[in-house]
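Residues per chain, in single letters:
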Amino acid sequence: MEQSDEALCERVAGRDEEAFDLLVARYQQRAYRLAWSILRDAEEARDLSQEAFIRLYHTAGSFQGRARFSTWFYRILVNLCLDARRRRRWWRAVGPVERDDGSSESVIEQLPAPEVDPTEAMDRQAVLARVWRAVDGLSPQQRAALLLQVQEEMATADIAAVLKCSEATVRVHLHRALMSLRKTMGKG
Amino acid sequence: MRVSDAELMAYVLGELAPPEADRVARAVAADETLRRTAAEFRELLDGLRAGAPEPPAVHWGAYGTALRARLAKRRGRSRWGDWRRWPVPLALSASLAGVLLLLAVQGAHGPAERQEAAAVDEIMLGQRLDLLRDFQVVERLDLLEDLDILQSLGPAPGTREG
């Protein structure tokens, strides 16, 4: 019978290597994807998701089971990613942003177009692609809250636990994020 | 009726309890701006969920190997780190160990050796009982090792035989 994440975490606290490997296998893809969504850098996403697993290994004893394991683990991961973004944000304030495909965009090019091409507006795929690019321009907290909601499908209470804020604050982050993204759709 | 941003978001996400949900639903229905906003929020959320971009592919075998290597290195470093975090207690422990070792070494010249030394002194004293007449010499028994020197000395001034 498959053990729960919480039970595996308890075994990791006892330095059970097999339990640690099982947790890594369960969460590595989600951790990497979430880190990449926040950071938009594959190498950094690999690095920080691995760092999150290392911290999990060393602090498993402090997981007391009051929250779900995923909430506890995502808090570690999201904090690492947000700290990384804060550290590099001022470096990239005016410089070009390198993307994973090797192309680069200046800050000006990253801004949403002031007017919407009507033909592009009718192309839903193109619109959503622009919306996702606009997600990159959200504040770290708004971006994290939105990604945890739409990618990880977490409830507001769990997002609040990850971001260590109130549920009302999470909803305000989401509201502001969506108000910003509406503009890229030529609405609002 | 005013609806806060947090309440509108909770309504869109379906997280309001029935009495509160009914109140907000009525407010949204009565306000064109709120109605349009709620509809666009739902459309955006549905679109984001369906069209999330995927990150670049990862070779998970290499990922796992790199992770284990980092973990092993971190565990090795943390042992050193533990040692370095406790310099003062470590120094005190080392000092105490040194003192105890010193006492142990000194104590190795133990009771048997001390008894032996005392016996030699007694024998030497017995052989030179005549020196007892010169009390000043007796007071300085540590000079017994220099008997030949003492023998060459004459009686101390101011002493009487008999």
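The structure we're discussing is the one just above.
So, here's what we can say about the structure.

About the thresholds
Residues numbered from 1 in each chain as written. Chains lettered and ligands numbered in written order. Predicted model: local features only at pLDDT ≥ 70, side-chain atom pairs only at ≥ 80, totals over all residues. Heavy atoms only, no water. Helix = DSSP H or I, 4+ residues; strand = E, 2+ residues; numbered from the N terminus. Buried < 20%, exposed > 50% of the residue type's maximum accessible area, 1.4 Å probe, protein only. Contact = heavy atoms within 4.5 Å. Phe/Tyr/Trp six-rings, centres within 6.5 Å; stacked < 30°, edge-to-face > 60°. Lys NZ or Arg CZ within 6 Å of the ring centre and 35° of its normal. Buried area = accessible area lost by both parts, 1.4 Å probe. Salt bridge = Lys/Arg side-chain N within 4 Å of Asp/Glu carboxyl O. Polar contact = N/O pair within 3.5 Å; in protein donor to acceptor, adjacent residues only side chain to side chain. Nonpolar A, V, L, I, M, F, W, Y, C, P; charged D, E, K, R; others polar.

1. Thoughts on the overall build of chain A
Then, number 1: Counting its secondary structure elements, chain A contains 10 helices and 2 strands.
Then, number 2: Ordering the α and β elements of chain A from the N terminus gives α-α-α-α-β-β-α-α-α-α-α-α.
Then, number 3: Counting all 188 residues of chain A, 47% fall into the buried class.
Then, number 4: Of the contacts made within chain A by residues no fewer than 6 positions apart, 61% connect residues no fewer than 24 positions apart.

2. Section: the packing of aromatic side chains
Residue and element names in this part refer to chain A.
Then, number 1: One pass over the structure, following the stated rule, counts 12 aromatic pairs over all chains.
Then, number 2: Where F63 meets F69, the ring centres are 6.1 Å apart and the plane angle is 90°; that geometry is what we call edge-to-face.
Then, number 3: With relative accessibility at 12%, the residue F63 sits in the buried group.
Then, number 4: Classification of F69 by relative accessible area gives buried; the value is 1%.
Then, number 5: Among the aromatic residues, ring-to-ring pairing joins Y27, F53, F63, F69, W72, F73 and Y74 into one connected group.
Then, number 6: One Lys or Arg, R30, reaches over the ring of Y27 and ends 4.3 Å from the middle of that ring.
Then, number 7: Cation over ring: R40 sits above W36, and NZ or CZ is 4.5 Å from the ring centre.

3. Here's the deal with the interface of chain B and chain A
Then, number 1: Tallying the contact residues gives 33 residues for chain B and 44 residues for chain A.
Then, number 2: Interface area, chain B with chain A, both sides summed: about 3,800 Å², of which 66% is carbon and sulfur.
Then, number 3: The tally of links from chain B across to chain A stands at 7 salt bridges.
Then, number 4: As a salt-bridge pair, R74 of chain B and E51 of chain A come within 2.8 Å of each other at their nearest N and O atoms.
Then, number 5: Applying the counting criterion to the chain B and chain A interface returns 15 residue pairs in polar contact (both at pLDDT 80 or more).
Then, number 6: Within the residue set of the side of chain B that touches chain A, elements represented by two or more residues are α1 (5-13), α3 (32-50) and α4 (60-84) of chain B.
Then, number 7: Looking at the side of chain B that touches chain A element by element, the count peaks at 10 residues for α3 of chain B.
Then, number 8: For the side of chain B that touches chain A, the class distribution of residues is 19 nonpolar, 3 polar and 11 charged.

4. Some remarks on the pattern of salt bridges
Then, number 1: Summed over the entire model, instances satisfying the criterion amount to 23 salt bridges over all chains.
Then, number 2: We note a salt bridge from E2 of chain A to R26 of chain A, for which the minimum N-O separation is 3.8 Å. Pair noted here: E2 of chain A is in the segment before α1 (5-13) and R26 of chain A is in helix α2 (residues 17-39), with a separation of 24 residues, a long-range link.
Then, number 3: In this structure, R68 of chain A and D158 of chain A form a salt bridge, with 2.2 Å as the shortest nitrogen-oxygen distance. Pair noted here: R68 of chain A is in the loop between α3 (42-59) and α4 (69-89) and D158 of chain A is in helix α9 (residues 156-163), with a separation of 90 residues, a long-range link.
Then, number 4: Members of the salt-bridge network, linked through shared partners, are D47, E51 and R55 of chain A together with R70 and R74 of chain B.

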